[in-house]
Amino acid sequence: MATYRFLKLKMFFLLILVFALSGCTPDNAYLPMNPSDSENVIVEIPAGSSVMAMGNVLTQAGLIRDSEFFKTRVKELGVDSKLKAGRYAFQLTQSMDEMIAQIVSGVVYRDLIKVTIPEGYEIKQIVETLVKENLVEAESFYDLMATTPLDYPFLEGIPEGKTRLEGFLFPSTYTFEKGVSQEDILKAMLDKFNTVFKPEYYERSKELKLSIFELITMASIIEREGKVKTELPLVSSVFYNRIQKEMKLESCATIQYALGERKEKLYNKDLEIESPYNTYKYTGLPSGPIASPGEAALKAALFPEESDFLFFVLSNKGDGSHVFTKTYAEHMKAKKANE
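Calculation criteria
- Residues numbered from 1 in each chain as written.
- Predicted model: local features only at pLDDT ≥ 70, side-chain atom pairs only at ≥ 80, totals over all residues.
- Heavy atoms only, no water.
- Helix = DSSP H or I, 4+ residues; strand = E, 2+ residues; numbered from the N terminus.
- Buried < 20%, exposed > 50% of the residue type's maximum accessible area, 1.4 Å probe, protein only.
- Contact = heavy atoms within 4.5 Å.
- Areas by Shrake-Rupley, 256 points an atom, 1.4 Å probe, with all protein chains shown as cover.
- Salt bridge = Lys/Arg side-chain N within 4 Å of Asp/Glu carboxyl O.
- Phe/Tyr/Trp six-rings, centres within 6.5 Å; stacked < 30°, edge-to-face > 60°.
- Lys NZ or Arg CZ within 6 Å of the ring centre and 35° of its normal.

**Q** Would you mind going over the overall build of the chain in detail, with residue names and values included?
**A** For the chain, the count of helices and strands is 13 helices and six strands. Expressed as lengths along the three principal axes of its C-alpha atoms, the size of the chain is roughly 110 × 45 × 35 Å. Expressed as a percentage of the 339 residues in the chain, the buried residues total 43%. Restricting to contacts in the chain with at least 6 residues of sequence separation, those with at least 24 account for 61%. Counting only carbon and sulfur atoms, one obtains 53% of the accessible surface of the chain, whose full area is about 18,700 Å².

The following block contains the structure:
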């Protein structure tokens, strides 16, 4: 028994000597490797790894000084059976205890991509944005949108085609994990629309005698025409008033959509384009949405402000606001004053 104790003590002192020679001592073994380096170090801890094997992974990655101390510390903390395999992101600023706690928690590394879809984006701009972030392949994503069965109440009765979801991919900031499927991306955007479009909006749409598709078409025009959010209900009232009086909507935004480009200035020849989106030529709403409206534009389409306005023109304030008028004569006067 005495010989066993002697051998155990001898091994302990040899271990301390090895650590001392390597510059690793009990005083610094658990400390961060570099308190000023916060760059992520990604490591993979395979399933079924022993505590020692985990320590070796961390040591080889330069995150800890020695796997023996790691094993000892895990035992001291009593978490031997609680360590979880996975892909982790650690920093050299972390202590050994912090890394052990992270492995116990199982908070693994996720390679995330954040992408913002601005309000008023057309479907082609949305696809271009997703392609730029390497999240989708354009042609297959268009095919997916055209052919995937979609069980959402707001999509009932929408026309077929690759751009059938125009107006329904909700503009927002999304966070996707790298490698996410195109199906999951599409679902996330439609789920977001479903969350924003409240159940009472369906009833309100019926009160307005509009289908959801028609309502989103109106909201998309409001979104594209209105620059100042507080003005959107007034912009909405102008279009509803014109429809009620069987006047053409005469929305420049619908012409831009028909042209396939957002020209800063439209000419008379542009207004003659043959398209079901030409609201200078045809009365009523165009054949479908022209962009993805945000929540403010949706609410404006649902609850237009009461007014007698039939016209609006961009003001000369430079803030995107408009001057609203009731008659054509007033409109022309306002237009001239704000040129």
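**Q** Outline the pattern of salt bridges, listing residues and values.
**A** Within this structure, the stated rule accounts for 15 salt bridges. Linking arginine 242 and glutamate 250 is a salt bridge whose minimum nitrogen-to-oxygen distance equals 3.5 Å. Take glutamate 250: its relative accessible area is 37%, and that puts it in the partly exposed class. With a shortest N-O distance of 3.0 Å, lysine 263 and aspartate 270 are connected by a salt bridge. Like lysine 263, the residue aspartate 270 is buried in the burial classification.

**Q** Break down the packing of aromatic side chains for me, with residues and values.
**A** For the structure on display, the rule yields 16 aromatic pairs. Measuring from ring centre to ring centre gives 5.5 Å for phenylalanine 193 and phenylalanine 197, while their planes differ by 15°; the resulting arrangement is stacked. A relative accessible area of 2% means that phenylalanine 197 is categorised as buried. With a centroid separation of 5.7 Å and an interplanar angle of 45°, the aromatic rings of phenylalanine 312 and phenylalanine 324 are classed as tilted. On the criterion of sequence distance, the pair formed by phenylalanine 312 in strand S5 (residues 311-314) and phenylalanine 324 in strand S6 (residues 322-325) is long-range, its members being 12 residues apart. Aromatic ring contacts, followed pair by pair, group Tyr152, Phe154, Phe168, Phe170, Phe193, Phe197, Tyr201 and Tyr202 into a single cluster. Between arginine 73 and the ring centre of tyrosine 30, over which it is positioned, the NZ or CZ distance is 5.4 Å. Positioned over the ring face of phenylalanine 311 is arginine 242, at 5.2 Å from the centre of the ring.

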